[in-house]
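Coordinates in review
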Amino acid sequence: MHELTEKINKLKREKNAVILAHCYQNIEIDEVADFVGDSLYLSQMAAKTDADIIVFAGVYFMAQTAKILSPDKKVLLPELKSGCEMADMINLEQLRKFKSQNPGIPVVCYINSTAEVKSECDICCTSSNAVKIVKSLGAKKVLFLPDNYLGKWVEANLDGVEVITYPGCCPTHLKIKAEDIIAIREKYPEAKILTHPECHQSVTELSDYVGSTTGIMNYAKKSSEKQFVIATEKGVYDRLKRDLPEKEFIMIKDNLICQNMKWHTLEDIYNSLVYEKHEINVEKDLARKALGCIDRMLSEGNNG
Ligand code: 13P
Ligand code: SF4
């Protein structure tokens, strides 16, 4: 156990704080985390918790979403450098232009987006519920942003819905190429290839399962197969190796790391709790508008 673990856990109790950690975090953070999971799970936990302080070991938009869902709580991001390149690919001006080029079409935004962008979209989604959310709109055409590839994957999984995508992407997931999948299949013909939907469609098309980070982990847990290739950020592989030692996991390629997620250390989390930094705030009116978009997603999640 790390020397700071006990100190952090003591501080959490004293300050009535919870720590939410995304599955791409450095694995030692799990020692102090109350909840570890994908974006959907973490936003549900942020909405439900009765803690006074939420420490978010994730990226900026996740902490911002937690603040929007729990405006009376103090939300802390241990290391401010933790942005998301994809979320920063669209701003309000670009969103307005995208909408004006495609008028009258419902707008779905991936949770990997800023509060400003969410405030002018109809409904939010995460990688685990994107298909369900788009389907729930019952529309023939939807606008989807910022991730072009998640949007295209949704379209491929729905009959008769045209998904018009914004050209955003995740640079980490785009490092995975179709050639990598072909080569790994040849090397490990028995292995199941589990892939995140932020990957290019030439990669998802060749995979055995496509799903969110938690979706991938649950698939590996429930499957009777013994060997899996992980085609997403390395944090998922690290946790699967730790949790399922009886199964074999192979990373699709080396250095598949989202540095934005990896900035937080246990020391940062400790300092974050001691000094209550860095507090994330969202201006009231903006938060109210963005909440509608997130709330619609969360209540859709409760429907069936
Ligand atoms: P999940 O929805 O699987 O948590 O993915 C979030 C993310 O940022 C993946 O790059
Ligand atoms: Fe953003 Fe990609 Fe990192 Fe996910 S993996 S947080 S989409 S940069």
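Residues numbered from 1 in each chain as written. Chains lettered and ligands numbered in written order. Predicted model: local features only at pLDDT ≥ 70, side-chain atom pairs only at ≥ 80, totals over all residues. Heavy atoms only, no water.

**Re the nonpolar core**
Residues Phe 144, Leu 145, Ile 230, Leu 240 and Met 297 are the most contacted members of the largest nonpolar core, which totals 90 residues. Counting residues per element, this core draws most heavily on helix α14 (residues 284-301), which supplies seven residues. Setting aside residues up to four positions removed in sequence, Leu 145 forms contacts with Ile 90, Leu 95, Phe 98, Val 107, Val 108, Cys 109, Tyr 110, Val 117, Cys 121 and Tyr 166. Counting 16 residues, the second largest nonpolar core, distinct from the first, contains Leu 11, Ile 29, Ala 33 and Val 55. (Core = buried A, V, L, I, M, F, W, Y, C linked by side-chain atoms within 4.5 Å. Buried < 20%, exposed > 50% of the residue type's maximum accessible area, 1.4 Å probe, protein only. Helix = DSSP H or I, 4+ residues; strand = E, 2+ residues; numbered from the N terminus. Contact = heavy atoms within 4.5 Å.)

**Quick look at the pairing of strand β1 (residues 17-22)**
Counting buried residues in β1 gives six out of six residues, a clear majority hidden from the surface. The pairing of β1 with strand β3 (residues 53-57) spans five bridges and is parallel. Its bridge partner lying in β3, Ala 21 is registered against Ala 57. As paired elements, β1 and strand β2 (residues 35-37) share three bridges and run parallel to each other. The residue bridging His 22 from the neighbouring strand is Gly 37, located in β2. (Pairing = 2+ DSSP bridges.)

**A look at the packing of helix α2 (residues 39-48) against helix α3 (residues 60-69)**
Where α2 meets α3, the closest approach of the two axes is 8 Å, and the angle between their N-to-C directions is 35 degrees. Two packed elements cross with a definite hand, and for α2 against α3 that hand is right-handed. Across from Ser 39, Ser 43, Ala 46 and Ala 47 in α2, the residues of α3 making contact are Met 62, Thr 65, Ala 66 and Leu 69. For the contact of α2 with α3, the class distribution of residues is five nonpolar, three polar and no charged. (Axes fitted to C-alpha atoms, helices over the stretch in contact; angles between N-to-C directions. Left-handed = near helix turned anticlockwise from the far one by under 90°. Nonpolar A, V, L, I, M, F, W, Y, C, P; charged D, E, K, R; others polar.)

**Observations concerning the site of ligand 2**
Looking at ligand 2, the residues that line it are Tyr 24, Cys 84, Glu 85, Asn 112, Cys 170, Glu 198, Cys 258, Asn 260 and Met 261. One can see that ligand 2 is located within the largest cavity. Counted by class, the shell around ligand 2 contains five nonpolar, two polar and two charged residues. (Near = heavy atom within 4 Å. 1 Å grid on protein atoms, 1.4 Å probe; cavity = no way out; pocket = protein on both sides within 12 Å on 5 of 7 lines; lining within 4 Å. Sits in = over half its atoms within 2 Å of the grid points.)

**Description of the environment of Arg 296**
As for its placement among the helices and strands, Arg 296 is situated in helix α14. Sequence separation between Arg 296 and Ala 33 is 263 residues; the distance between their C-alpha atoms is 27 Å. Excluding anything up to four places from it in sequence, Arg 296 contacts Cys 121, Asp 122 and Ile 123.

**Points about helix α11 (residues 234-243)**
Of the residues making up α11, those classed as buried are Gly 235, Val 236, Tyr 237, Arg 239 and Leu 240. In this structure, the buried residues of α11 make contact with β1, β2, α10 (213-222), β11 (227-231), β12 (248-251) and α12 (259-262).

**With respect to empty space enclosed by the protein**
Summary: where empty space remains is shown by rolling a probe the size of a single water molecule over the atoms. Counted under the stated rule, the structure contains two cavities of 30 Å³ or more. Its boundaries defined by the atoms lining it, the largest cavity holds a volume of some 250 Å³. Around the largest cavity, the lining comprises 29 residues; the ones closest to its centre are Tyr 24, Asn 112, His 173, Glu 198 and Met 261. Those elements giving two or more residues to the lining of the largest cavity turn out to be α2, α3 and α12. In terms of residue class, the lining of the largest cavity is built from 12 nonpolar, 13 polar and four charged. Around the second largest cavity sit Ser 39, Leu 42, Ser 43, Phe 56, Phe 61, Met 62, Thr 65, Ala 66 and Ile 111, which together line it. (Points joined across faces, edges and corners; volume = space filled by probe spheres on them.)

**Some points on the site of ligand 1**
In the vicinity of ligand 1, the residues found are His 22, Tyr 24, Asp 38, Ser 39, Tyr 110, Asn 112, Ser 127, His 173, His 196, Glu 198, Ser 212 and Thr 213. Between ligand 1 and the protein, one listed contact pairs an oxygen atom with a backbone N or O atom of Thr 213 at 2.8 Å. Compared with its free state, where it exposes 300 Å², ligand 1 has 96% of that area covered by protein. Its atoms largely coinciding with the cavity grid, ligand 1 occupies the largest cavity. Among the residues making up the shell around ligand 1, the classes are represented as two nonpolar, eight polar and two charged. (Polar contact = N/O pair within 3.5 Å; in protein donor to acceptor, adjacent residues only side chain to side chain. Areas by Shrake-Rupley, 256 points an atom, 1.4 Å probe, with all protein chains shown as cover.)

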